[in-house]
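Breakdown of the fold
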Amino acid sequence: MERPQREIRAAYGPSTITVYQAYPPELGLPAARDGRFPTAWKRDRMTWIKPSFLWMMYRCGWATKPGQETVLAVEITRDGFEWALRNACLSSYVRGLHAGPDAWRRELKRSPARVQWDPERDLRSRPLPYRSLQLGLSGEAVPRYADEWTVSVRDVTPLARTIREHLAAGDPDAAHRLLPEERPYPAADGLLAHLHS
């Protein structure tokens, strides 16, 4: 079955969804140990969360890029995730959807979240013909994410390394079996309806 051009796919349960981030060990390891972000984690800057494990692997080079050596699976409430989607704007200007570039910039400035669609990736980090969600959190969304929405933080760097080792050994089937199961997120179209022209 052909996938929609844009679709949120994620590992989720009845009340939580898993998103991924990568950090240097001095931030990532304490976060995983304590189940919350450490005081050194900057709350005054935008933070990007990614529901796609493979897109995160592409972004962090399977936990090899400097400053992204620790990959975290952050389980957050679906209520929080959906609040961010409902309060998001697009990360780039779209003619016909926005009244003009200035109107889009004003919306961007006042929105606590932004939606960006990037090509999904396969196991070899090659782009696929459909897109994956990145969700940027800023302003009031950042403390909500860290203090209210986060249910657990797990270090999945060992998983990333094991999958990468299977790929390097020429065993993509073994690598594929270890991937988190991601499914289309329910009611995503409705949550993002305000972002469509």
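Since the structure is predicted, the reported quantities are computational estimates derived from the model, not experimental observations. In every chain, residue numbers begin from 1 and rise along the written sequence. Whole-chain, interface and lining totals are the exception, using all residues; otherwise, since this is a predicted model, local features are given only for residues with pLDDT of at least 70 and side-chain atom pairs are given and counted only at 80 or more. Side-chain measures were taken over the full set of non-hydrogen atoms in the model, leaving aside hydrogen atoms and water.

Let us now look at the pairing of strand β6 (residues 113-121). Whether a residue is buried, partly exposed or exposed follows from its accessible area with a 1.4 Å probe, protein chains only, as a fraction of its type maximum: under 20%, in between, or over 50%, in that order. A run of H or I in DSSP becomes a helix once it reaches four residues, and a run of E becomes a strand once it reaches two; helices and strands are each numbered from the N terminus. Taking burial as the measure, the 9 residues of β6 include 7 buried ones, the bulk of the element. Pairing between strands is defined by DSSP: at least two bridges between the two strands are required. Pairing of β6 with strand β7 (residues 127-137), which is carried by 8 bridges, proceeds in the antiparallel orientation. By the bridge assignment, Ala113 is partnered in β7 with Leu137. Hairpin connection, β6 to β7: the antiparallel pair is bridged by 5 residues, and Ser125 has positive phi, about 65°.

Quick look at the packing of aromatic side chains now. Stacked, tilted and edge-to-face pairs are distinguished by plane angle, under 30 degrees for stacked and over 60 for edge-to-face with tilted covering the rest, among Phe, Tyr and Trp rings (Trp via its six-membered ring) whose centres lie within 6.5 Å. Under the definition given, this model contains 10 aromatic pairs. Centroid distance Phe37 to Tyr145: 5.6 Å. Interplanar angle 35°. Geometry classified as tilted. With Phe37 in the loop between α1 (25-34) and β3 (47-49) and Tyr145 in helix α5 (residues 141-149), the pair connects residues that are 108 residues apart, well separated along the chain. Residue Phe37 shares its accessibility class with Tyr145, and that shared class is buried. With 5.3 Å between their ring centres and 75° between their planes, Phe81 and Tyr185 make a pair best called edge-to-face. You can see Phe81 sitting in helix α3 (residues 78-86) and its partner Tyr185 sitting in the loop between β9 (183-184) and α8 (188-191), a full 104 residues away along the chain. The exposure class assigned to Phe81 is buried, which follows from its relative accessible area of 1%. Feature note: the residues Tyr23, Phe37, Trp41 and Tyr145 constitute an aromatic cluster, connected by ring pairs.

Turning our attention to the pairing of strand β4 (residues 70-77). Judged by how many residues are buried, β4 sits mostly within the fold: 7 of 8 residues are covered. In this sheet, β4 lies alongside strand β2 (residues 16-23) in antiparallel orientation, the contact comprising 8 bridges. The residue of β4 that forms the bridge with Ala22 is Val71. Relative to strand β8 (residues 150-155), β4 runs antiparallel, the two being bridged by 5 bridges. Bridged to Val74 within β8 is Val153.

Attention now moves to the side chain of Arg9. Following the sequence through the fold, Arg9 ends up in strand β1 (residues 9-10). Overall, Arg9 belongs to the buried group, its relative accessible area being 7%. Polar contacts, as counted here, are pairs of nitrogen or oxygen atoms within 3.5 Å of one another; within protein the pair requires one atom able to donate a hydrogen and one able to accept it, and residues that are adjacent in sequence qualify only if both atoms are side-chain atoms. Engagement of the side chain of Arg9 in a polar contact is seen with the side chain of Glu7, the distance being 2.9 Å. A polar atom in the side chain of Arg9 sits 3.3 Å from the backbone oxygen of Arg131. Contacts are assigned to residue pairs that have any heavy atoms within 4.5 Å of one another. If we skip the residues at most four places from it in the chain, Arg9 touches Arg3, Pro51, Ser52, Glu120, Tyr130, Arg131, Ser132, Glu182, Arg183 and Pro184.

Further remarks concern unusual backbone geometry. Within the chain, Trp62 stands out as a residue other than glycine whose phi angle is a positive 55°. Turning to its location among the elements, Trp62 is positioned in the loop between α2 (53-60) and β4. Look at Trp62 and you get buried, because its relative accessible area is 8%. Phi angles above zero are rare outside glycine, and Ser125 is one such case at about 65°. In this fold, Ser125 is placed in the loop between β6 and β7.

Note on definitions: salt bridges are taken to be side-chain nitrogens of Lys or Arg within 4 Å of carboxyl oxygens of Asp or Glu. The final tally for this structure, using the stated rule, is 8 salt bridges. In this structure, the salt-bridge partner of Arg33 is Asp34, at a minimum N-O distance of 2.9 Å. Given a relative accessible area of 63%, Arg33 falls into the exposed group. Its salt-bridge partner being Asp147, residue Arg43 comes within 2.7 Å of it at the nearest N-O pair. Of the two residues, Arg43 sits in the loop between α1 and β3 while Asp147 sits in helix α5, which places them 104 residues apart along the sequence. Three or more residues joined by partner-sharing salt bridges are found here, namely Glu7, Arg9 and Glu120.

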